[in-house]
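# Summary of structural features
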Amino acid sequence: MKQAILAAFGLALLALPAQAQSTDPSGTWLTQSGDTRVRIAKCGAVYCGTIVSSTYEKDTNNADPKLRSRNIVGVRMIWDAKPEGDGLSGQLYNPQDGKTYTGKLKVMSPNTLQLSGCVFGGLICRSQTWTRAN
């Protein structure tokens, strides 16, 4: 009995570093719709995400008419994502509607990332699950 308890305790200790690392969203992610890949990386003390490939060519839905003709690849769509709770909180740009939202990112598993964009101080939110592309 004593050995079983010690073994369980040892396994629990081994799992702790893996859980601490699981909050890092760095890597390339495929959006839920499957049409865009976003590379998330550290940008100083925060995280940011940049579109690295997309089936869309231009940022045609941007709220700023001057930006609607820019290439969608290279557009930063996540910025100022800082640790908060068990995930990150920052700004999310949605090229499908051209709007920027207060958002949350949470690594759900090594291969899934949940994003939630909110308006009205978090009263109305929409979530997506992205999958790791690399």
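These remarks concern the structure in this document. Quick caveat, the model's predicted, so the values are computed rather than measured.

Definitions and limits used
Residues numbered from 1 in each chain as written. Predicted model: local features only at pLDDT ≥ 70, side-chain atom pairs only at ≥ 80, totals over all residues. Heavy atoms only, no water. Pairing = 2+ DSSP bridges. Helix = DSSP H or I, 4+ residues; strand = E, 2+ residues; numbered from the N terminus. Axes fitted to C-alpha atoms, helices over the stretch in contact; angles between N-to-C directions.

### Some remarks on the pairing of strand β6 (residues 99–109)
As judged from the seven bridges shared by strand β5 (residues 87–94) and β6, these two strands associate in the antiparallel manner. Pairing of G90 across the sheet is with G103, part of β6. Between β5 and β6, which pair antiparallel in sequence order, lie four residues; one of them, G98, sits at a positive phi of approximately 75°. Examined bridge by bridge, β6 and strand β7 (residues 112–119) share seven bridges and lie antiparallel to one another. Residue S109 lies in a different strand from β7, and its bridge partner there is T112. The hairpin formed by β6 and β7 contains two residues between the paired strands.

### Observations regarding the sheet that holds β6
Strand order around the closed barrel formed by eight strands is β1-β2-β3-β4-β5-β6-β7-β8, with antiparallel pairing between neighbours. Averaged over all adjacent pairs, the angle separating strand axes in this sheet is 35°, with direction ignored.

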